[in-house]
Amino acid sequence: MIYVAIMGHGTVGSGVAEIMINHNPLVAEKVRDKIEVKYILELRDFSSLPYAEKFTDDFEKIVNDPEVKIVAEVMGGIHPAYEFVKRCLEAKKSVVTSNKELVAMKGAELLKIASENSVNFLFEASVGGGIPILRPMAQCLAANDINSVTGILNGTTNYVLNKMIVDDMSFDTALALAQEKGFAEKDPTADIEGHDTCRKICILASLAFGKHVYPEQVKTEGITNVTLEDVAYAQKLGCAIKLIARAKKLPGGHITAEVAPMLVSNSNMLSHVNGVFNAIMVHGDATGDVMFYGKGAGKMPTASAVVADIIDCAKHLHARKYFDWQEGEEGYVVPDTSKKRFFVLIKSLDFEAMSKSFNAVFPDNTWNIKNEFSGEIAFITDEDFEVEISKKLDKIKYESIKTMKMLF
Ligand code: HSE
């Protein structure tokens with residue numbers, strides 16, 4: 001018999017408990033052994049549940065029980081998750097987690113502790129919810145030198161942007177709906193300000209390129225400045241606005257990583273990823289682009305990935321899975337200075353003067369919408385260095401300006 005403990009009984013934790021209990025014969029068949037949840041760590045009262053006898057509010061009971069071999073941490077946040085996970089690993093228990101904040105900040109350290117104690121630390125659910133991405137990237141694409149990882153990694157923001165586009169819904173109403181459906185973080189600021197996406201690209205980049213990327217190293221912008229007007233112009237220009245995360249390998253051992261709302265051309269498959277769905281495009285030197293797609297948030301998709309990790313740990317109680325990377329370092333992540341296209345929206349009360357200067361600075365630009373009535377020009381620039389585009393924009397007579405990067 002293999003005993004498991006679940007730490008946390010929120011959205012994901014309750015899904016993990018339900019799968020482990022309701023699908024027990026299926027899980028046991030996969031593990032080829034009996035497997036049972038012995039404890040669920042939770043402070044709140046769940047005495048009306050049929051499995052109420054499993055609840056405890058005492059972490060010491062779990063960490064000191066030699067029968068517990070696998071612990072699922074689904075509490076979220078850094079404290080006390082970090083301390084609990086560390087102690088479980090040191091007590092030679094394998095740990096699985098859906099906690100992207102924990103992995104993004106402490107991943108290298110916890111992987112090292114797991115290795116020193118010959119146990120596993122797995123976190124498939126921390127990126128892309130129910131989408132298998134970490135294991136395929138580390139194992140199935142192992143023969144590749146991975147050059148870049150680009151994706152839509154937050155279900156809440158993608159759901160909100162989609163509702164704004166398709167249903168003309170306000171930002172606040174769409175966000176409230178995402179919260180209701182259990183996609184959003186406890187504090188949805190982490191979703192809309194891009195922090196959740198940032199943590200996920202840190203995990204992907206650490207795994208893809210072998211060195212820890214910390215959230216503070218990644219330039220991050222959320223979707224709070226995206227308006228219905230931007231969304232409408234993007235559509236007319238043949239694009240969709242998406243919160244994009246990307247990490248790229250650069251020559252000389254550096255990488256670049258960023259999170260920002262970008263215009264994605266309709267010719268790019270990422271522009272068609274809607275609602276709570278996430279997609280991750282991995283570019284390997286042998287495979288070219290490989291895309292992973294599925295539900296990136298929600299109780300059961302995420303719980304599915306956590307339980308898969310529990311099963312993997314149960315099958316490898318005496319063997320290690322190699323998902324390791326090295327500690328990171330200052331200066332490893334550098335700004336992306338490559339040439340790009342930009343979406344620009346300029347406004348002026350003097351539309352004629354603005355239009356004239358626009359024509360003079362960008363004489364060959366055909367990818368634009370001029371709206372004399374509202375005094376606006378929305379356009380896509382040719383591919384160029386950001387600094388060169390800025391110099392050109394400085395020559396145009398506008399009163400307000402907004403720019404976004406474009407993804408082809
Ligand atoms: N709040 C996250 C999202 C949950 O919306 O994608 C999954 O990590």
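Residues numbered from 1 in each chain as written. Predicted model: local features only at pLDDT ≥ 70, side-chain atom pairs only at ≥ 80, totals over all residues. Heavy atoms only, no water.

*Asks:* How should the nonpolar core be read in this particular structure?
*Replies:* By size, the foremost hydrophobic cluster in this structure holds 116 residues, and its most contacted members are Val-16, Ile-35, Phe-121, Met-137, Leu-204 and Ile-310. Among the elements that take part in this core, helix 10 (residues 195-209) stands out by supplying 9 residues, more than any other. Apart from residues lying up to four places away in sequence, Ile-35 is in contact with Met-1, Ile-2, Val-4, Met-20, Asn-24, Val-27, Ala-28, Ile-310 and Ala-314. In terms of nonpolar packing, the next biggest core, distinct from the first, is built from 13 residues, Phe-351, Phe-358, Phe-362 and Phe-379 among them. (Core = buried A, V, L, I, M, F, W, Y, C linked by side-chain atoms within 4.5 Å. Buried < 20%, exposed > 50% of the residue type's maximum accessible area, 1.4 Å probe, protein only. Helix = DSSP H or I, 4+ residues; strand = E, 2+ residues; numbered from the N terminus. Contact = heavy atoms within 4.5 Å.)

*Asks:* How should I be thinking about the packing of helix 7 (residues 155-166) against helix 8 (residues 171-180) in this particular structure?
*Replies:* A packed helix pair is summarised by two numbers, namely the angle formed by the two axes and the spacing between the axes. Running from N to C, helix 7 and helix 8 cross one another at 135°; their axes reach a closest spacing of 9 Å. Viewed along their axes, helix 7 and helix 8 adopt a mutual orientation that is oblique. Crossing geometry of helix 7 relative to helix 8 is assigned as right-handed. Contacts between helix 7 and helix 8 involve Thr-156, Tyr-159, Val-160, Lys-163 and Met-164 from the former and Phe-171, Ala-174, Leu-175, Leu-177 and Ala-178 from the latter. Looking at side-chain class alone, the contact of helix 7 with helix 8 contains 8 nonpolar, 1 polar and 1 charged residues. (Axes fitted to C-alpha atoms, helices over the stretch in contact; angles between N-to-C directions. Parallel < 35°, antiparallel > 145°, perpendicular 65-115°, else oblique. Left-handed = near helix turned anticlockwise from the far one by under 90°. Nonpolar A, V, L, I, M, F, W, Y, C, P; charged D, E, K, R; others polar.)

*Asks:* How should the sheet that holds strand 4 (residues 68-73) be read in this particular structure?
*Replies:* In sheet architecture, strand pairing relies on hydrogen bonds along the backbone and comes in two forms, parallel and antiparallel. If you trace the 6 strands from one edge of the open sheet to the other, you get 3-2-1-4-5-6, paired in parallel fashion. Edge strands, defined here as strands with exactly one partner in the open sheet, are strand 3 (55-56) and strand 6 (121-122). Here strand 5 (residues 94-97) pairs with strand 6 via 2 bridges, running parallel. By the bridge assignment for strand 6, Val-95 is matched with Phe-121. (Pairing = 2+ DSSP bridges.)

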